[in-house]
Amino acid sequence: MSISYSGVPEGLAYTLEFTEQRRESDPKETARREEATLKGRDLTVSDRIPDADIVIVGTSTKRARQLPASTSLIMPIRVHFLLDFDQDYKVIHAQASKGARRDFRQKSRQNDWSLGIERDPSWFEYFYDRMYRATMSERYGPRARTESMESAYECLFRSGILFYLAKDGRRMAGHLCHWDPGSRVLTSRLLGVLDGAEEYYVAGALKVMYFLMIEWASRHGVRRLDFQGTEAFLSKGTYQMKRRFGTRVTLPPNHFGGKRLWLQVRRDTAEVRDFLVNNPMLTEAADGTLEAVYFHDVQRPLRLDYRAESPGVGRIRHIDLDEFLSGIKKEGRDHDRIGRP
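So, a few notes on the structure that sits alongside this text. (Residues numbered from 1 in each chain as written. Predicted model: local features only at pLDDT ≥ 70, side-chain atom pairs only at ≥ 80, totals over all residues. Heavy atoms only, no water.)

Some details on the overall build of the protein chain
Scanning the protein chain from terminus to terminus reveals 11 helices and 14 strands. What you see for the protein chain is a C-alpha radius of gyration of 21 Å, in line with the 20 Å of a compact globule of 341 residues. When the backbone C-alpha atoms are referred to their principal axes, the protein chain occupies close to 60 × 40 × 40 Å. Looking at the 341 residues of the protein chain, the share that counts as buried comes to 51%. Restricting to contacts in the protein chain with at least 6 residues of sequence separation, those with at least 24 account for 75%. Of the roughly 16500 Å² that the protein chain leaves accessible, carbon and sulfur atoms contribute 46%. (Helix = DSSP H or I, 4+ residues; strand = E, 2+ residues; numbered from the N terminus. Rg over C-alpha atoms; globule rule 2.2 N^0.38 Å. Buried < 20%, exposed > 50% of the residue type's maximum accessible area, 1.4 Å probe, protein only. Contact = heavy atoms within 4.5 Å. Areas by Shrake-Rupley, 256 points an atom, 1.4 Å probe, with all protein chains shown as cover.)

Thoughts on the environment of valine 272
Along the chain, valine 272 falls in helix H10 (residues 270-278). When residues no more than four places from it in sequence are discounted, the contact partners of valine 272 are Met1, Asp53, Ile54, Val265 and Arg267.

Describing the pattern of salt bridges
Counted by the stated rule, this structure contains 28 salt bridges. Ionic pairing is found between arginine 133 and aspartate 129, a salt bridge with its closest N-O pair at 2.6 Å. Pair noted here: arginine 133 and aspartate 129 are both in helix H5 (residues 121-140), with a separation of four residues, about one helical turn. Note that glutamate 147 is salt-bridged to arginine 189, the shortest N-O span being 3.4 Å. (Salt bridge = Lys/Arg side-chain N within 4 Å of Asp/Glu carboxyl O.)

Topic: the sheet that holds strand E11 (residues 259-265)
The four strands lie next to each other as E1-E2-E11-E3, forming an open sheet whose pairing is mixed. Among the strands making up the open sheet, the edge pair consists of strand E1 (3-7) and strand E3 (72-76). Shown here is a sheet whose adjacent strand axes are inclined to one another by a mean of 20°, direction ignored. One ladder, built from five bridges, connects E1 with strand E2 (residues 54-60); its direction is parallel. From the neighbouring strand, tyrosine 5 faces E2, where its bridge partner is isoleucine 56. (Pairing = 2+ DSSP bridges. Axes fitted to C-alpha atoms, helices over the stretch in contact; angles between N-to-C directions.)

Quick notes on the nonpolar core
Where a protein is soluble and globular, its nonpolar side chains tend to be buried together. Among the nonpolar cores identified, the biggest contains 91 residues, and Ile54, Leu176, Ile214, Val265, Leu276, Leu282 and Phe295 are the most heavily contacted of them. Considering every element that reaches this core, the biggest residue donor is helix H8 (residues 205-219), with 11 residues. Those residues in contact with valine 265, other than ones at most four positions away along the chain, are Asp53, Ile54, Thr71, Val272, Leu276, Phe324, Leu325 and Ile328. Ranked by size, the runner-up nonpolar core spans nine residues in total, among them Ile49, Val55, Ala64 and Trp262. (Core = buried A, V, L, I, M, F, W, Y, C linked by side-chain atoms within 4.5 Å.)

Next comes the structure, spelled out in C-alpha cells:
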C-alpha cells in the first residue's frame, strides 16, 4: 500500500511517520520513501498531488475544505488533551477511566511513590541524558525527535517546572513542563524513565506520575493542565493513554490549531481497507465538531477496542467501506486480510 503526503513540513515528522510505523507493524513490511518537490499552488489542485492509494495533504483549514469531498475526510493535524481545574480534585480524579484509577490504586499499594520538584541544573542534565533522551532513543530509535539540551534548558527548565518521580525513594522518571504564570497553564513537554528501561513502564511509572501531577496541579493554583498532543488517530498509543485521565480532546492552542489534513482514498484494495479499519481517526465535521470515525465491512469488524469516548469528541460514526468507496473500482481480490496490528 502506498501513501503520499504533501503540504506543511510538520506532517512529514508526524502524519507520514505515523502511517509508516503502522504499516511496519507487520514484520514482513518495510516502509520506503520517495521524495519530490511541489509548489504551493499544486496543493490546491487534486490532480497535481502525488498519486497513491491514500493521499494526504497538510494545509490550512480553509484550503482543506476546498478540496474534493469524494472518498475523503478532513482531520486535525494534531489534537491536545486538557484538564481544567475548575472543580475539586476528587471530582477531577473521578473523571479518569475506571481502569486507570484501579491501576493507580494498585500501584500505590504496591510501592511508595513520591513526586517532587528539582531546580538543580546538574539534575536537569541528568534528566535530559539519562531519562528524556534515553527514553526517546529506546522508544523510537532512528525516528526519535528530541529537543536540544540548550533549548530545553533555556526555554523550559529556567522558567518551567521539572518534576521527578521516585519509587521507594529512588528516582526513576522525570517530567519537564512549561509554566505560564499569567494564564496559569502547565504544559507537558519532555518526559522519560531512567535509561528508557522497559521495567519502569511495566511498573506503571508514567501513569502514576500523571496522576500525581494532576493532584499537585489541583493544589498549586494551576488553572489548566495541557498534556500536549498527538496525531488524530485512535490507534496511536499516546492517544489512548492520555484520554484515560478524563482529559478534554481539543484542537491545539498553537499554530497547529489552524491546520488540517485532507485524506482521500484513491484505490480500493485489501491493504487500504485493512489500514482504514485498523486506524480509526478523529475527523472534523462541517460544523467544526470533532468526531470519531470507525470503518468496517463484512470481513472487517469495527475496531472498538480503540476507544473514542472523551469530552470534546462530539460524535462517533461507523462508516461502511463498501459505501464510502463505492465510487472507486476495486483492485485485486479481497482475501480475508483482517490485520490487527
